Amino acid sequence: MKPIRIANADQTANGAYPTVRMRRNRRSDWSRRLVAENVLSVGDLIWPIFVVDGENVRQPVATMPGVERMSVDLAAAAAEEAMALGIPALALFPYTDSALRTEDGREAYNPENLVCRTARAIRAAGLDIGVICDAALDPYTSHGHDGLMHGSEILNDETLEALIKQSLAQVEAGCDVIAPSDMMDGRIGAIRSALETAGHRNAQIMAYSAKYASAFYGPFRDAIGSSGTLIGDKRTYQMDFANSDEALREVALDIEEGADMVMVKPGMPYLDVIRRVKDRFGVPTFAYQVSGEYAMLAGAAERGWLDGDRVMMESLLGFKRAGCNGILTYFAPRAAKYLAARV
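As the structure is a prediction and not an experimental result, all values here were calculated from the model.

S.K.: Tell me about the pairing of strand 8 (residues 177–180), and name the residues and values.
M.R.: Both faces of strand 8 are covered, namely the face carrying Val 177 and Ala 179 and the face carrying Ile 178 and Pro 180. Of the strand pairs in this sheet, strand 8 and strand 9 (residues 204–211) are connected by 2 bridges, and their pairing is parallel. Its bridge partner being in strand 9, Ile 178 is matched across the sheet by Ile 205. Assessed by its sense of winding, the connection that carries the chain from strand 8 through helix 5 (residues 187–197) to strand 9 is right-handed.

Pasting the structure below:
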């Protein structure tokens, strides 16, 4: 047999057909699993849930097939389900009654708001599961923006004070991870300093570092009730989707200011950004498979246009391949059950 020739020592190829048949390793399921470069596990999943007032209340979100708003008692029960499935954390988002929405969004730091009550209910149940709370004012403002407004301007520095009060209220209610999604400049440093001063040294921050001004958020705004209240758009503070170098600057600043984890949002249209962030910084990196991404896949599967389980798993594994440590996804309980059935 003639020796295999390698034209260039830098080449990774070590042979050619028929000596090398790439399909050999793909032939069987067990073989494909052995050589898989990336693996999705239930430990990679974070389940976002929507909470609403009342007791024993479930409200379907019309634009998100299979997703419901839940009252606090049912959200606590969902946390038990998540724990039983092995899902490590939940992310809480409120559907705030319009009567409680104000220009200054003060319900955000009311210790009796929906998010704080849900966090306390989960803690009271003694569940060893992570609770992630969004820090932003949009579920609480009458204008639907993430910050305070003066005329048509979003006020950066004044908003930081509200975010600090919101974050402290959430941690004191039992939140483990503050997730600032507002995209105000300096908010990570301001929140980290306030947490340290208040003695909450172990509170984690998952920064929405690269959050784009995306059209994929529509169903989420329906779910929290802000789609009808939003005045204008969010392009003066959320990122321009033409930019990725800017995302690296945002991530660098958030890490310097004290973020423990960083996030790219949305997910699937920004896999290139995720890869750049992970390669550059090597920090725990997350993606949010946002409501529009979920709605496209779930809606198409509901109509029989796509195989729901297969596109779900393909999309989630795509985030892992891009470098994610974990994914916020509305598919979390379904994906967890799918993975369990594969064991």
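From this point, things continue past the structure.
S.K.: Give a detailed account of the environment of Leu 114, specifying residues and quantitative values.
M.R.: As for its placement among the helices and strands, Leu 114 is situated in helix 3 (residues 114–124). Residue classification places Leu 114 among the buried positions, given a relative accessible area of 8%. In this structure, the C-alpha to C-alpha distance between Leu 114 and Pro 269, residues 155 residues apart in sequence, is 31 Å. Sequence-distant contacts of Leu 114, defined by excluding residues within four places in its chain, comprise Val 51, Val 52, Asp 53, Val 72, Pro 94 and Tyr 95.

S.K.: Describe empty space enclosed by the protein, and please don't skip the residues or the numbers.
M.R.: The final tally for this structure, using the stated rule, is 1 cavity of 30 Å³ or more. Each pocket or cavity is described by its volume, and for the largest cavity that value is around 130 Å³. Along the walls of the largest cavity sit 15 residues, with Asp 138, Lys 211, Tyr 217, Phe 220 and Lys 265 positioned nearest its centre. Grouping the amino acids of the lining of the largest cavity by side-chain chemistry returns 6 nonpolar, 3 polar and 6 charged.

S.K.: Run through the pattern of salt bridges, naming residues and quoting values.
M.R.: Under the definition given, this model contains 21 salt bridges. Here Asp 29 ties to Arg 33 by a salt bridge, and the two come within 3.0 Å at their closest N and O atoms. Within this pair, Asp 29 and its partner Arg 33 are both found in helix 1 (residues 29–34), separated by 4 residues, close to a single helical turn. Residue classification places Asp 29 among the partly exposed residues on the basis of a relative accessible area of 33%. Residue Arg 33 is classed as exposed on the basis of its relative accessible area, which comes to 54%. One salt bridge in this structure joins Asp 245 and Arg 276, with 2.9 Å as the shortest N-O distance. With a gap of 31 residues between them, Asp 245 in helix 7 (residues 245–257) and Arg 276 in helix 8 (residues 271–281) connect regions that are remote in the sequence. With a relative accessible area of 30%, Arg 276 lands in the partly exposed category.

What counts, and where the lines are drawn
Residues numbered from 1 in each chain as written. Predicted model: local features only at pLDDT ≥ 70, side-chain atom pairs only at ≥ 80, totals over all residues. Heavy atoms only, no water. Buried < 20%, exposed > 50% of the residue type's maximum accessible area, 1.4 Å probe, protein only. Helix = DSSP H or I, 4+ residues; strand = E, 2+ residues; numbered from the N terminus. Pairing = 2+ DSSP bridges. Right-handed = clockwise from strand over helix to strand, strands pointing away. Contact = heavy atoms within 4.5 Å. 1 Å grid on protein atoms, 1.4 Å probe; cavity = no way out; pocket = protein on both sides within 12 Å on 5 of 7 lines; lining within 4 Å. Points joined across faces, edges and corners; volume = space filled by probe spheres on them. Nonpolar A, V, L, I, M, F, W, Y, C, P; charged D, E, K, R; others polar. Salt bridge = Lys/Arg side-chain N within 4 Å of Asp/Glu carboxyl O.

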